[in-house]
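# Reading the structure
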Amino acid sequence: MNSSSNFPRVWFITGASRGIGARIAAAALGRGDAVVATARDAATVTQRLGAQSGLLAVDLDVTDEAQAGHAVAAALAHFGRIDILVNNAGYGLMGAVEESSADEVRRLYETNVFGLLHVTRAVLPQMREHRRGHVINISSLGGYQSVAGFGVYCSTKFAVEGITEALHAELAPLGIHATTVEPGYFRTEFLEGQSLATSPRVLADYAATSGRIRELASQISLNQPGDPERLAQAVLRLVDADTPPLRLPLGTDTLAAIAAKHVFVETETAAWRELAASTDFPKAHAS
Ligand code: NAP
């Protein structure tokens with residue numbers, strides 16, 4: 001075992017081969033923490049980050065529950081503990097809800113939702129044992145506000161938000177933090193062909209909604225406003241907080257979308273309040 005006391009913190013990061021996961025891994029290593037950087041092919045992690053004493057690269061396809069258990073066991077055998085879990089592995093699916101096939105939807109949930117749950121269940125026992133830790137789930141702006149053309153993807157991130165909100169309540173009494181990070185558009189390969197799945201079924205009726213997003217995606221890709229290096233630095237500040245938030249939106253696009261959604265929800269709820277309040281059993285009158 002590599003003495004864990006050499007390292008202020010031990011991170012376990014999924015999808016660390018590239019993009020946001022690789023940036024967070026590099027930032028954590030850069031300040032002297034240990035990182036278990038997992039990827040479908042661990043060699044891609046070492047190619048990206050180089051061999052370092054604080055780095056353990058481990059194979060993990062998050063859709064494989066048994067492999068999640070093996071990866072966590074390898075991490076504990078090497079560093080003795082995991083302080084921070086970053087559930088980052090994920091990808092997008094572009095297409096209108098109706099255009100997305102059952103197989104495409106199932107595959108997306110296998111990674112973005114069931115994969116996150118596999119890894120979380122594998123890591124939590126030792127965090128509970130030590131009564132400390134921080135689970136960071138990478139959600140999205142789309143986990144707060146869904147959009148045409150990305151409905152199924154957004155639904156996986158809404159699931160991540162729901163899971164994290166419950167984890168936050170369940171784990172706080174055990175001394176463990178849970179945070180959902182909501183990036184806006186960040187400049188990674190997320191919208192490129194090797195990451196983004198695109199439903200081949202195109203229905204003309206959705207040309208003005210989902211179809212418009214299909215056209216825009218290639219223009220947005222690699223021009224996104226968010227800087228993944230700055231995102232990684234923000235995650236370092238997040239784990240340093242004494243009282244980390246349940247939600248951490250990142251990017252001015254996310255902040256604008258949240259503000260717009262709040263106005264929309266408040267306005268719509270006010271317009272329909274009378275009907276909404278009409279469905280309780282009548283209150284019994286005191287005699
Ligand atoms: P990316 O550059 O495409 O990287 C995605 C990472 O996830 C890669 O390391 C990929 O590994 C890994 N991955 C995919 N499926 C996996 C699986 N089954 N098992 C293990 N690893 C898997 O995208 P990114 O922007 O860094 O995205 C990272 C996370 O941020 C995702 O959860 C995404 O939904 C979220 N996000 C991104 C943005 C954005 O604008 N970039 C915005 C909001 C949220 P391989 O190298 O093996 O393919």
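Residues numbered from 1 in each chain as written. Predicted model: local features only at pLDDT ≥ 70, side-chain atom pairs only at ≥ 80, totals over all residues. Heavy atoms only, no water.

Looking at an unreviewed UniProt entry, one finds the protein named NAD(P)-dependent dehydrogenase (Short-subunit alcohol dehydrogenase family) and attributed to Roseateles asaccharophilus. UniProt, in its Sequence similarities (unreviewed entry) section for the protein, records the words "Belongs to the short-chain dehydrogenases/reductases (SDR) family." (UniProt positions renumbered as here; feature names shortened; annotations may be inferred.)

### Description of the site of the ligand
What surrounds the ligand is a group of 27 residues, the closest being S17, R40, Y153, T188 and S195. Between the ligand and the protein, one listed contact pairs a nitrogen atom with a side-chain N or O atom of D61 at 3.0 Å. One of the backbone nitrogen or oxygen atoms of N88 is found 2.7 Å away from an oxygen atom of the ligand. Calculation on the ligand without its partners gives an accessible area of 900 Å², and the protein chains cover 94% of this total. Taken together, the elements giving at least two residues each to the shell around the ligand come down to α1 (19–30) and α5 (151–171). Of the residues belonging to the shell around the ligand, the class tally is 10 nonpolar, 12 polar and 5 charged. (Near = heavy atom within 4 Å. Polar contact = N/O pair within 3.5 Å; in protein donor to acceptor, adjacent residues only side chain to side chain. Areas by Shrake-Rupley, 256 points an atom, 1.4 Å probe, with all protein chains shown as cover. Helix = DSSP H or I, 4+ residues; strand = E, 2+ residues; numbered from the N terminus. Nonpolar A, V, L, I, M, F, W, Y, C, P; charged D, E, K, R; others polar.)

### Section: unusual backbone geometry
One non-glycine residue, R131, lies in the positive phi region at around 55°. Within the secondary structure, R131 is located in the loop between α4 (102–130) and β6 (133–138).

### Description of the packing of helix α3 (residues 65–79) against α4
Between α3 and α4, the least distance of the axes is 8 Å, while the angle of their chain directions is 35°. Read as a crossing pair, α3 and α4 show a hand that is right-handed. Residues E65, A68, G69, V72 and L76 of α3 form the contact with α4, whose participating residues are H118, V119, R121, A122, V123 and Q126. Residue classes in the contact of α3 with α4 are distributed as 6 nonpolar, 3 polar and 2 charged. (Axes fitted to C-alpha atoms, helices over the stretch in contact; angles between N-to-C directions. Left-handed = near helix turned anticlockwise from the far one by under 90°. Contact = heavy atoms within 4.5 Å.)

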